[in-house]
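Observations on chain architecture
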Amino acid sequence: MTPFHIVVCGSLVPDPLQTLEPTLGPEGPGLKNEMMLPSVLDPWAGHALYEAASLATKHPESRVWLVSLGPKARLQQLMMSIAQKAKFELVAIDSSASGFIDAQSVARTLATAIDEIDGLDKNRLLLFGGCASASRDAGVTVQMVGELLGLTDQFLAVDELEARDDGSLRVLERIEGGKYLASTVRGAPAVVAWATGKLPEPPNNPQVGMQNMRTILPALQKAKAAIPNRNSIHYQEVAIPQQKRETRVVKDMSVDEIAREIADWIRG
Amino acid sequence: METILVLLHIDESGNLPRIAFEALGAACELRHGGNANFAIGIIGGDIESAAGKIGGCGATSFFGVSHPALEVSRYGTDLAALGALVEKVAPTLIVAPSTSRFARVLPGLAVRIGGQIDTHITSIDPGAEGDAVFAERWYYRQRMKAKFTRDARPWILVVDGGAFEPWKGETGSVALQMVSPWAEGGPGDNVTRTQVSGIETGESGTQTIRPDADLLFVAGAGWAKKQADGQTHVPKAEKLILGFLEGAKASLGSSKSLVDQSSEGQAVLTCLSHLNQVGQTGTTPRHQKGLATCCHGEEPHVVGWRFVQERRAVNLDANCGWARGKADVVYVADAFEVVEKLNDLLGV
Ligand SMILES: Cc1cc2nc3c(=O)[nH]c(=O)nc-3n(C[C@H](O)[C@H](O)[C@H](O)COP(=O)(O)OP(=O)(O)OC[C@H]3O[C@@H](n4cnc5c(N)ncnc54)[C@H](O)[C@@H]3O)c2cc1C
């Protein structure tokens with residue numbers, strides 16, 4: 001079996017249970033108290049990481065790198081919560097993780113960082129990431145990184161990847177109407193932007209955490225700072241539209257009446 | 001003056017998907033009454049008849065890349081074809097529909113043509129002629145909306161489904177000018193390492209996702225929880241839900257908690273998979289109406305309802321999230337009883 005060199009692009013996003021409030025300053029939009037908001041690993045990138053770790057265990061001598069672009073101090077916090085989940089080597093880039101920064105600027109920084117990874121064999125490269133982030137949610141970054149690295153086999157919103165004995169990879173991508181497009185690529189290199197995948201979140205494994213910490217701390221120390229390009233997009237307005245509804249709470253209708261009212265509403 | 005190029009592809013049946021007409025509608029908004037240069041570019045296998053369907057859209061020219069290699073959706077060949085169209089037209093603005101095929105390839109196209117790209121566009125403000133074009137989209141998974149512009153060109157605007165009025169107009173034969181991205185022998189080995197084997201239905205067996213349905217029916221974790229009698233009733237829940245979907249011709253959505261149960265090995269509704277999940281880490285479907293059942297209405301779930309216009313919920317808990325300004329009506333009742341009765345009324 002061929003070992004893979006899997007590079008997962010993934011960073012932090014605000015915890016989805018937090019209330020977010022936009023601000024518009026001279027530097028462009030941001031979030032109120034952005035640096036204080038609790039954050040989590042971007043969910044779809046998380047699935048990509050777990051799939052990468054699982055694939056690597058099935059293909060001995062494979063390596064997994066997690067390339068993360070975000071404010072260094074917050075990346076360090078994030079590592080506390082994910083280091084025990086999957087084995088990886090961290091490549092950290094100290095920059096803003098704001099969803100308002102142009103994806104292409106982020107993609108260029110990521111591509112450069114990946115190019116510079118010591119020991120990365122591009123012929124074995126599987127570029128992983130989430131199919132969209134929970135911040136910018138544009139669904140474009142991983143493909144751009146792939147294109148910048150010259151990878152012409154790309155898959156988006158993947159739920160299943162099967163690495164076959166002959167080196168080929170069979171991939172299922174989500175398409176319209178709850179269906180999948182099935183394709184087979186002859187082998188690495190390829191770009192795989194994951195949707196949910198098939199694996200549950202792995203339980204914490206302290207041993208994995210200890211191993212990871214050996215590379216995480218130095219990686220954070222030598223994280224290069226990248227200045228995002230904030231000039232390509234000009235924001236005129238960012239707002240949370242007023243969305244609160246006047247909810248009618250129906251407590252004392254019989255089941256028959258409720259069903260009739262809903263049926264009329266459906267038909268109406 | 002802008003030069004607008006609308007990029008389209010045909011689907012497996014050889015037709016333009018509905019969202020193609022919406023992208024065309026969006027592009028027409030940019031034309032300032034017809035002053036801009038306006039071209040159409042279509043890729044696919046046999047594209048002549050699809051081009052004819054939009055013959056009356058007022059485009060100044062129609063270009064196409066037709067090749068058996070484009071009968072399937074594949075990054076390498078799609079990128080080569082779209083790149084050739086862009087090179088031919090040299091547009092400043094490119095408008096395209098957010099299909100799964102284009103969502104995969106257009107970011108790479110932006111890199112290759114040295115352009116900019118924005119996706120999930122829900123509204124375009126063309127401004128007065130000569131003014132900046134503004135676009136709108138959501139950030140942080142449908143939690144806030146921004147209006148923005150870009151100076152650099154070419155600028156690719158990928159429009160979301162259901163956000164623009166579809167173009168309607170005369171069909172008519174068009175002088176389709178074919179463009180070839182490849183030399184005589186067709187696409188090379190470097191772009192055909194991927195072989196597409198076809199479309200498969202989701203693992204849930206029954207096709208429950210119907211993007212065109214008026215109604216979205218969302219099942220929450222309550223359906224698989226212990227009920228008043230201290231027992232779970234998963235098979236009954238499944239029967240009621242499938243019956244309702246059939247009777248109401250609804251599409252089936254789910255909360256994360258319910259679909260996650262399958263990976264956690266609990267008794268599950270076999271009609272559901274992660275593809276049904278609505279919310280922060282699921283989909284944001286567009287339907288006129290939505291009925292949430294046994295679902296608490298927590299924020300990470302409800303952000304997926306952004307484009308569901310009328311919302312009702314059935315929940316045993318009068319204080320569930322839906323009651324806090326997220327639904328129009330919350331019926332405090334047992335969903336098993338309500339859906340059973342509803343199915344009678346719907347003739348299931
Ligand atoms: C990073 C992250 C991402 C997330 N992404 C998503 C997402 O994309 N989508 C999503 O849905 N969630 C998401 N969540 C989870 C979300 O926060 C909630 O945990 C989840 O939506 C709860 O699902 P539920 O309402 O079905 O279940 P529960 O919270 O368990 O609610 C069950 C409900 O069923 C009701 N009930 C039980 N029996 C009956 C009955 N007989 N009749 C009527 N009502 C009944 C109960 O009153 C209760 O309100 C995410 C969370 C995180 C942290």
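Residues and elements named next belong to chain B. The environment of the ligand is made up of 29 residues, and the closest members are Ala 221, Lys 225, Gln 227, Ser 255 and His 296. Contacts to the ligand include Glu 298, whose side-chain N or O atom sits 3.1 Å from an oxygen atom. In the model, an oxygen atom of the ligand is placed 2.7 Å from a nitrogen or oxygen of the Asn 315 side chain. Across the complex, the protein chains shield 84% of the 990 Å² of accessible surface that the ligand would expose by itself. Looking at the shell around the ligand, the elements that each hand over two or more residues are helix 6 (256-263), helix 7 (299-302), strand 15 (308-315) and helix 8 (335-345). In terms of residue class, the shell around the ligand is built from 11 nonpolar, 13 polar and five charged.

Next up on the list: the packing of helix 2 (residues 72-82) of chain A against helix 5 (residues 206-221) of chain A. In helix packing, the relevant descriptors are the interaxial angle and the interaxial distance, both defined with respect to the helix axes. All names here are of chain A. Orientation of helix 2 relative to helix 5, taken along the N-to-C sense of each, is 170°, at an axis distance of 10 Å. Between helix 2 and helix 5, the crossing angle belongs to the class labelled roughly antiparallel. Note on element contacts: helix 5 touches helix 2 through Met 213, Ile 216, Leu 217, Leu 220 and Gln 221, opposite Lys 72, Leu 75, Gln 76, Met 79 and Met 80. When the residues that make up the contact of helix 2 with helix 5 are grouped by side-chain class, the tally is seven nonpolar, two polar and one charged.

Chain B puts 91 residues into the contact, and the matching count from chain A is 89 residues. Interface of chain B and chain A: buried area, both sides summed, is about 7900 Å²; carbon and sulfur atoms make up 55% of it. On the surface where chain B and chain A come into contact, there are nine salt bridges. Counting every contact that joins chain B to chain A gives 50 residue pairs in polar contact (both at pLDDT 80 or more). Among the residues forming the side of chain B that touches chain A, the class breakdown is 39 nonpolar, 28 polar and 24 charged. Pairing between strand 14 (residues 234-239) of chain A and strand 8 (residues 144-149) of chain B: five bridges, direction antiparallel. Among the inter-strand pairings, A:Ala239 is bridged to a residue of strand 8 of chain B, identified as B:Lys145.

Counting 65 residues, the largest nonpolar core has A:Val7, A:Val67, A:Ile114, A:Leu127, B:Leu7, B:Leu82 and B:Leu106 as its most contacted members. A per-element tally of this core places helix 3 (residues 75-89) of chain B first, with nine residues. The residues contacting A:Val67, other than those within four sequence positions of it, are A:Val7, A:Val8, A:Cys9, A:Gly10, A:Val91, A:Ile93, A:Leu110, A:Ala113, A:Ile114 and A:Ile117. Counting 48 residues, the second largest nonpolar core, distinct from the first, contains A:Ile233, B:Ala51, B:Phe62 and B:Leu157.

A few words now on the domain arrangement of chain B. Residues and elements named next belong to chain B. Taken domain by domain, chain B holds domain 1 (3-178) and domain 2 (215-346). Measuring from the centre of the C-alpha atoms in domain 1 to the corresponding centre in domain 2 gives 36 Å. At the interface, nine residues of domain 1 touch eight residues of domain 2. Taking both sides of the interface into account, the surface hidden between domain 1 and domain 2 amounts to around 780 Å²; carbon and sulfur atoms contribute 44%. Of all residues in domain 1, the largest losses of buried area upon contact with domain 2 belong to Arg 141, Gln 142 and Arg 143, amounting jointly to 67% of the total for that side. Across the domain 1-domain 2 interface, the total number found is one salt bridge. Between Asp 160 and Arg 286 there is a salt bridge, and its shortest N-O distance comes to 4.0 Å. Run the count over domain 1 and domain 2 and you get six residue pairs in polar contact (both at pLDDT 80 or more). Classifying every residue of the side of domain 1 that touches domain 2 gives two nonpolar, four polar and three charged.

All right, on to the state of the cysteines then. Residue and element names in this part refer to chain B. Inspection of every chain in the model, using the stated rule, returns zero disulfides over all chains. The thiol of Cys 271 is not disulfide-bonded; the next cysteine sulfur, from Cys 294, is found 13 Å away. Exposure remark for Cys 271: the relative accessible area of 1% places this residue in the buried category. Counting only cysteine sulfurs, Cys 295 is the nearest neighbor of Cys 320, a cysteine outside any disulfide, at a range of 8.4 Å. Overall, the relative accessible area of 0% leaves Cys 320 in the buried class.

The final tally for this structure, using the stated rule, is 11 aromatic pairs over all chains. With 5.5 Å between their ring centres and 65° between their planes, A:Phe128 and A:Trp194 make a pair best called edge-to-face. One end of the pair, A:Phe128, is in strand 8 (residues 125-130); the other, A:Trp194, is in strand 12 (residues 190-194), with 66 residues separating them in the sequence. The same class applies to A:Phe128 as to A:Trp194, namely buried. For the ring pair B:Trp305 and B:Trp322, a centre distance of 4.7 Å and an interplane angle of 65° mean the geometry is edge-to-face. On the criterion of sequence distance, the pair formed by B:Trp305 in the loop between helix 7 and strand 15 and B:Trp322 in the loop between strand 15 and strand 16 (329-332) is long-range, its members being 17 residues apart.

Pairing is mixed across the open sheet formed by 10 strands, whose spatial order is 13(A)-7(A)-6(A)-1(A)-8(A)-12(A)-9(A)-10(A)-11(A)-11(B). Each edge of the open sheet is held by one strand with a lone partner, namely strand 13 (224-225) of chain A together with strand 11 (194-201) of chain B. Sheet topology note: the strand 7 (residues 89-94) of chain A/strand 13 of chain A ladder contains two bridges and is parallel. Directly across from A:Asp94, in strand 13 of chain A, lies its bridge partner A:Ala225.

Turning to helix 3 of chain B, a few remarks are in order. Each turn of an α-helix holds 3.6 residues, which means side chains three or four residues apart point in the same direction. All names here are of chain B. With 15 residues, helix 3 should cover 21 Å at 1.5 Å per step; its first-to-last C-alpha distance of 21 Å lies within 8% of that length. The buried count for helix 3 comes to 13 of 15 residues, which makes it a mostly enclosed element. A positive backbone phi angle near 50° is found at Ala 90, which sits one or two residues after helix 3.

With that settled, the discussion passes to the environment of B:Val218. All names here are of chain B. Residue placement: Val 218 occurs in strand 12 (residues 215-219). For Val 218, a relative accessible area of 0% corresponds to the buried category. Setting aside its immediate chain neighbours within four residues, Val 218 contacts Gly 253, Ser 254, Ser 255, Val 278, Leu 291, Ala 292, Thr 293, Cys 295, His 301 and Trp 305.

Another point: the sheet that holds strand 13 (residues 251-254) of chain B. Within a sheet, neighbouring strands are paired by backbone hydrogen bonds and run either parallel or antiparallel to one another. With parallel pairing, the six strands of this open sheet are ordered in space as 15(A)-16(B)-15(B)-14(B)-12(B)-13(B). Only two strands of the sheet have a single neighbouring strand rather than two, namely strand 15 (248-250) of chain A together with strand 13 of chain B. Direction aside, the axes of adjacent strands within the sheet are offset by 20° on average. Relative to strand 12 of chain B, helix 5 (residues 234-248) of chain B is tilted by about 175°, and along the sheet it contacts strand 12, strand 13 and strand 14 (287-293) of chain B. Lying over the sheet, helix 8 of chain B contacts strand 12, strand 14 and strand 15 of chain B, oriented at roughly 135° with respect to strand 14 of chain B.

Definitions and limits used
- Residues numbered from 1 in each chain as written.
- Chains lettered and ligands numbered in written order.
- Predicted model: local features only at pLDDT ≥ 70, side-chain atom pairs only at ≥ 80, totals over all residues.
- Heavy atoms only, no water.
- Near = heavy atom within 4 Å.
- Polar contact = N/O pair within 3.5 Å; in protein donor to acceptor, adjacent residues only side chain to side chain.
- Areas by Shrake-Rupley, 256 points an atom, 1.4 Å probe, with all protein chains shown as cover.
- Helix = DSSP H or I, 4+ residues; strand = E, 2+ residues; numbered from the N terminus.
- Nonpolar A, V, L, I, M, F, W, Y, C, P; charged D, E, K, R; others polar.
- Axes fitted to C-alpha atoms, helices over the stretch in contact; angles between N-to-C directions.
- Parallel < 35°, antiparallel > 145°, perpendicular 65-115°, else oblique.
- Contact = heavy atoms within 4.5 Å.
- Buried area = accessible area lost by both parts, 1.4 Å probe.
- Salt bridge = Lys/Arg side-chain N within 4 Å of Asp/Glu carboxyl O.
- Pairing = 2+ DSSP bridges.
- Core = buried A, V, L, I, M, F, W, Y, C linked by side-chain atoms within 4.5 Å.
- Buried < 20%, exposed > 50% of the residue type's maximum accessible area, 1.4 Å probe, protein only.
- Domains from an automatic or database assignment.
- Disulfide = S-S within 2.5 Å.
- Phe/Tyr/Trp six-rings, centres within 6.5 Å; stacked < 30°, edge-to-face > 60°.
- Expected span 1.5 Å × (residues − 1).

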